[in-house]
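Residue-level structural notes
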There are 2 protein chains.
Amino acid sequence: MALSGEFRRLDERSVIEYVKGVPALWSKLQEADGDHQLTAKEIGDGNLNFVFIVTNTASKASIIIKQALPYIRSVGESWPLTKDRVYFEKMALEEQGRLAPHHVPQVYHFDSTMSLIAMRYLEPPHIILRKGLIAGIQYPLLARHMAHFMANTLFFTSLLFRSTLDHKREGTQFINNFVHVYNSFINNFVHVFNAFIPFPIAVAKFCGNAALCRHTQQVVFSDPYRIYNLNHWTSPYLDPDAEALRQDNLLKLEVAHLKSIFSERAQALIHGDLHTSSVMVTPQSTQVIDPEFAFYGPMGFDIGAFLGNLVLAFFAQDGLVDQPEDRKAYKEWILQTIEDTWNLFYEKFIALWDEHKDGAAEAYLPEIYNNPEVQLLAQRRYMADLFHDSLGFGAAKMIRRIVGVAHVEDFESIADAAKRATCERKALNFAKMLLKDRRKFEGIAEIISSIRLF
Amino acid sequence: MALSGEFRRLDERSVIEYVKGVPALWSKLQEADGDHQLTAKEIGDGNLNFVFIVTNTASKASIIIKQALPYIRSVGESWPLTKDRVYFEKMALEEQGRLAPHHVPQVYHFDSTMSLIAMRYLEPPHIILRKGLIAGIQYPLLARHMAHFMANTLFFTSLLFRSTLDHKREGTQFINNFVHVYNSFINNFVHVFNAFIPFPIAVAKFCGNAALCRHTQQVVFSDPYRIYNLNHWTSPYLDPDAEALRQDNLLKLEVAHLKSIFSERAQALIHGDLHTSSVMVTPQSTQVIDPEFAFYGPMGFDIGAFLGNLVLAFFAQDGLVDQPEDRKAYKEWILQTIEDTWNLFYEKFIALWDEHKDGAAEAYLPEIYNNPEVQLLAQRRYMADLFHDSLGFGAAKMIRRIVGVAHVEDFESIADAAKRATCERKALNFAKMLLKDRRKFEGIAEIISSIRLF
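Note that this is a predicted model, so its numbers are computed, not measured.

Conventions adopted
- Residues numbered from 1 in each chain as written.
- Chains lettered and ligands numbered in written order.
- Predicted model: local features only at pLDDT ≥ 70, side-chain atom pairs only at ≥ 80, totals over all residues.
- Heavy atoms only, no water.
- Pairing = 2+ DSSP bridges.
- Helix = DSSP H or I, 4+ residues; strand = E, 2+ residues; numbered from the N terminus.
- Axes fitted to C-alpha atoms, helices over the stretch in contact; angles between N-to-C directions.
- Phe/Tyr/Trp six-rings, centres within 6.5 Å; stacked < 30°, edge-to-face > 60°.
- Buried < 20%, exposed > 50% of the residue type's maximum accessible area, 1.4 Å probe, protein only.
- Lys NZ or Arg CZ within 6 Å of the ring centre and 35° of its normal.
- UniProt positions renumbered as here; feature names shortened; annotations may be inferred.
- Salt bridge = Lys/Arg side-chain N within 4 Å of Asp/Glu carboxyl O.
- Domains from an automatic or database assignment.
- Contact = heavy atoms within 4.5 Å.
- Buried area = accessible area lost by both parts, 1.4 Å probe.
- Polar contact = N/O pair within 3.5 Å; in protein donor to acceptor, adjacent residues only side chain to side chain.
- Nonpolar A, V, L, I, M, F, W, Y, C, P; charged D, E, K, R; others polar.

A separate point is the sheet that holds strand β2 (residues 49-56) of chain A. Backbone-to-backbone hydrogen bonds pair the strands of a sheet. The strands run either parallel or antiparallel. Residues and elements named next belong to chain A. Spatially, five strands are ordered β1-β2-β3-β7-β6 in an open sheet, and the strand pairing comes out antiparallel. Every interior strand has two partners, whereas the edge strands, β1 (38-42) and β6 (107-111), have only one. Between one strand axis and the next, the sheet turns by 20° as a mean value, whatever way the strands run. The pairing of β6 with strand β7 (residues 116-120) spans four bridges and is classified as antiparallel.

Now the structure itself:
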């Protein structure tokens with residue numbers, strides 16, 4: 001199934017036919033007796049893809065079917081984007097699921113021809129974290145869960161755990177060219193090649209996600225700093241702010257530096273789009289989804305994405321209610337969550353480092369880093385660099401959500417434009433300061449204090 | 001020929017038989033009539049390979065045949081190293097030859113099964129630069145030629161010239177696993193695959209040089225800082241110096257930082273071993289050879305290797321003659337060459353950047369870096385970072401040549417151990433200072449002044 005036929009876009013009708021044709025999925029739905037018991041609903045609210053929930057009304061069992069189209073859904077066919085991205089999402093879900101099993105949905109099925117992936121349905125009351133933040137819901141375990149997810153997925157795919165050879169091998173799953181080779185190869189020659197497996201498997205492992213890296217590079221590090229027809233902001237209020245951004249030479253220098261790290265540094269397997277809409281939550285559960293931008297890149301890009309989006313949520317709060325007082329306690333919870341996430345991540349990451357420091361990794365060989373003082377200095381320096389990278393990437397991600405192509409619901413749901421602009425300006429000014437002065441901050445507590453000043 | 005048969009190690013007799021079996025080589029030697037006119041001599045003085053010069057005594061035409069064995073020649077079978085490295089040497093010679101044709105020998109023939117490459121014979125008076133530096137010979141064009149080679153090969157393979165997609169594509173020629181797939185594939189299935197070229201070509205392009213990166217990582221960034229049975233130094237004189245190195249926590253921190261850049265940053269296609277024995281010279285000609293360590297890495301590793309080895313040559317001079325006065329002028333020439341190489345490289349690199357700033361590259365888009373001030377700031381910052389990387393890598397390369405596994409003839413040819421140790425200690429102390437304080441230096445002139453103080 002996965003290797004035959006043509007790509008065709010699915011709708012709420014045809015997705016049911018598709019599911020019935022795949023035993024692995026059929027069984028997950030606990031064999032409804034007859035079509036009438038199967039319903040499908042398109043629930044994708046994302047920029048990129050179509051997402052269906054398929055339910056057996058008899059057994060109540062549901063699964064998620066996600067299909068990528070060869071363009072960006074929110075923009076249309078004018079902005080093509082390889083549908084091979086589903087292949088990387090599947091690879092990343094499996095790797096991250098292995099490293100943080102309690103925080104990643106299980107993959108049931110992958111179809112490269114259809115650019116389709118089937119996975120666990122995250123049942124109610126799971127909702128997108130961003131919607132929870134807008135609604136003012138507290139998630140007491142969020143910081144701990146996200147710290148665990150980030151520490152495990154980043155540490156175990158870095159040179160602090162992996163040998164150089166393994167790292168270089170894994171690190172080149174990220175050239176999209178190869179996907180086409182791989183796909184045509186699988187589709188046309190699989191009968192020939194079955195003779196010499198694992199050759200096609202090796203090829204598959206070396207596929208790459210360059211197209212989506214490039215997309216991120218453009219929307220995060222380029223668009224906000226140039227005149228671009230798809231950019232938008234709360235006009236006319238933020239017109240001067242957007243203009244000032246395009247005139248800020250020092251800001252552009254910092255952005256160029258971050259862009260080069262993003263483009264050149266294969267530090268670990270990162271999610272690549274870890275904002276608050278890539279996380280589904282209940283008070284007890286935290287699930288990280290949508291890693292279709294995953295590639296070997298700088299760890300700080302994930303940490304910064306998550307923390308930066310929490311900061312956006314913080315600055316949106318005053319606009320979401322009539323009486324700012326109503327969200328006073330909630331704003332404190334967000335700040336506490338930002339602080340706890342970094343501190344717990346730090347703690348967990350260092351614990352993993354200590355636990356595995358005598359392993360296969362070659363970055364800090366025990367016979368060289370052979371005394372407590374140098375070990376402490378090395379970890380402090382590594383984490384300080386990671387902290388400053390995270391602040392820089394977080395700030396860049398905040399800026400692009402205010403003056404760039406794609407905005408966030410936190411602000412968009414503030415109906416009063418003047419009110420929205422006031423919130424956005426505070427976030428924008430904080431982000432600009434952070435991007436330029438990030439190296440002056442020595443700890444997360446200083447960041448929290450600084451946020452309070454805006 | 002290139003794709004058939006088994007690997008066998010060649011000697012001065014069998015290499016002649018091999019050459020006669022390859023028309024492309026036979027013709028380069030201008031068809032000698034009869035074997036008696038062909039002579040072969042093994043001239044490899046390197047650590048790694050066997051190098052034969054094959055000559056037609058009638059036509060006087062000569063070619064170089066280089067064969068890699070599956071271990072490091074200077075150490076023996078106890079230190080295995082993939083012979084696939086010849087494949088990367090061939091790829092790098094072709095790419096660098098395209099970018100700096102006057103400074104790279106032409107490749108005539110490549111045989112993956114035999115791990116063999118045939119190339120232009122660099123006729124007398126070409127000699128290894130290191131030997132020229134030991135003999136006290138001045139090369140008036142050396143700085144200009146090396147600046148040209150480094151600027152062209154580094155700029156055109158970086159994100160300052162290439163689009164992100166091209167860069168990611170090229171950047172993954174560096175996973176050695178794939179070479180084995182590639183080789184077995186070529187050797188066994190080429191008749192099957194000829195049907196769907198360019199598939200095998202694509203596979204080949206994605207091969208990687210991880211094994212040799214790992215070797216460099218060990219000998220440069222690890223061995224000098226740990227107790228290792230293959231390390232050696234001028235004992236007993238330098239025993240305390242070697243010990244002090246292994247106790248220097250701050251030095252170890254800087255080395256860890258450089259090691260991470262070397263292992264993670266795919267900035268450009270670098271030669272990977274650009275010391276003064278990888279350059280052949282006459283007063284008019286400069287030829288860069290032996291790029292078998294080539295991979296996508298940090299530019300500063302090449303620049304630092306070349307400058308660092310010139311500094312080693314400088315500190316060796318006093319030991320090479322009875323009267324230091326004899327080399328006074330020559331030492332000045334070396335310092336001038338160090339200064340000129342960096343300054344000419346800087347000039348050439350910036351010229352290429354300016355010339356191509358409206359091209360396909362996405363690192364500094366013209367609509368963002370759109371005023372002379374920000375363009376100047378961006379270039380200054382980029383070059384300052386590159387300068388500091390180069391100083392760090394150069395210092396690390398100096399240190400490893402004094403207390404590590406492989407030493408340099410500059411010092412080794414000083415017979416008097418006490419005298420040698422004095423020279424080596426000056427170089428070592430300068431390198432330690434440079435590694436720790438490199439960020440304090442703002443220009444190459446300050447480096448020259450600092451060298452004079454040791």
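Still more to cover.
According to the stated counting rule, one finds 48 aromatic pairs over all chains in the structure shown. Look at Trp342(A) and Tyr346(A): their rings are 6.1 Å apart centre to centre, the planes differ by 75°, and that puts the pair in the edge-to-face class. Note that Trp342(A) and Tyr346(A) are positioned in helix α13 (residues 328-355) at a spacing of four residues, about one turn of the helix. Overall, the relative accessible area of 5% leaves Trp342(A) in the buried class. Judged by centre distance (5.3 Å) and plane angle (85°), the ring pair of Phe155(B) and Phe156(B) falls under edge-to-face. The buried category is assigned to Phe155(B), whose relative accessible area is 0%. A relative accessible area of 15% places Phe156(B) in the buried class. Its guanidinium or amino end placed over the ring of Tyr228(A), Arg226(A) lies 5.0 Å from that ring's centre, counting from NZ or CZ.

On to the UniProt feature "domain: Aminoglycoside phosphotransferase" (unreviewed entry) in chain A. UniProt annotation of "domain: Aminoglycoside phosphotransferase" (unreviewed entry) refers to residues 229-309 of chain A when read in the numbering used here. The span residues 229-309 of chain A is 44% helix and 15% strand, and its two end C-alpha atoms sit 24 Å from each other.

So, about the pattern of salt bridges. Evaluated as defined, the whole model comprises 50 salt bridges over all chains. Lys90(A) is paired through a salt bridge with Glu94(A); the nearest N and O atoms lie 3.7 Å apart. One end of the pair, Lys90(A), and the other, Glu94(A), are both in helix α3 (residues 85-99), four residues apart, so they sit about a helical turn from each other. Residue classification places Glu94(A) among the partly exposed positions, given a relative accessible area of 40%. The closest approach of N and O atoms between Asp290(B) and Lys66(B), which form a salt bridge, is 2.6 Å. Residue Asp290(B) is located in the loop between β11 (286-288) and β12 (295-297), and its partner Lys66(B) is located in strand β3 (residues 62-68); the two are separated by 224 residues in the primary sequence. By relative accessible area, which is 4% here, Lys66(B) ends up buried. Several salt bridges converge on common partners, so that one network encompasses Lys66(A), Arg85(A), Glu89(A), Asp290(A) and Glu292(A).

Residues and elements named next belong to chain A. Here the domain parsing of chain A yields domain 1 (14-120) and domain 2 (127-452). In this complex, domain 1 contributes 29 residues to the contact, which on the side of domain 2 involves 43 residues. In total, about 2800 Å² of surface goes out of reach between domain 1 and domain 2, with carbon and sulfur atoms giving 62% of it. Its largest share of buried area at the contact with domain 2, domain 1 owes to Trp79, Phe88 and His103, together 24% of the area lost on that side. Of the charged contacts, one joins Glu95 and Arg162 as a salt bridge, the two residues approaching to 3.3 Å between their closest N and O atoms. At the boundary of domain 1 with domain 2, the tally comes to nine residue pairs in polar contact (both at pLDDT 80 or more). Counting residues per element, the side of domain 1 that touches domain 2 draws most heavily on α3, which supplies 10 residues. For the side of domain 1 that touches domain 2, a count of residues per class yields 14 nonpolar, eight polar and seven charged.

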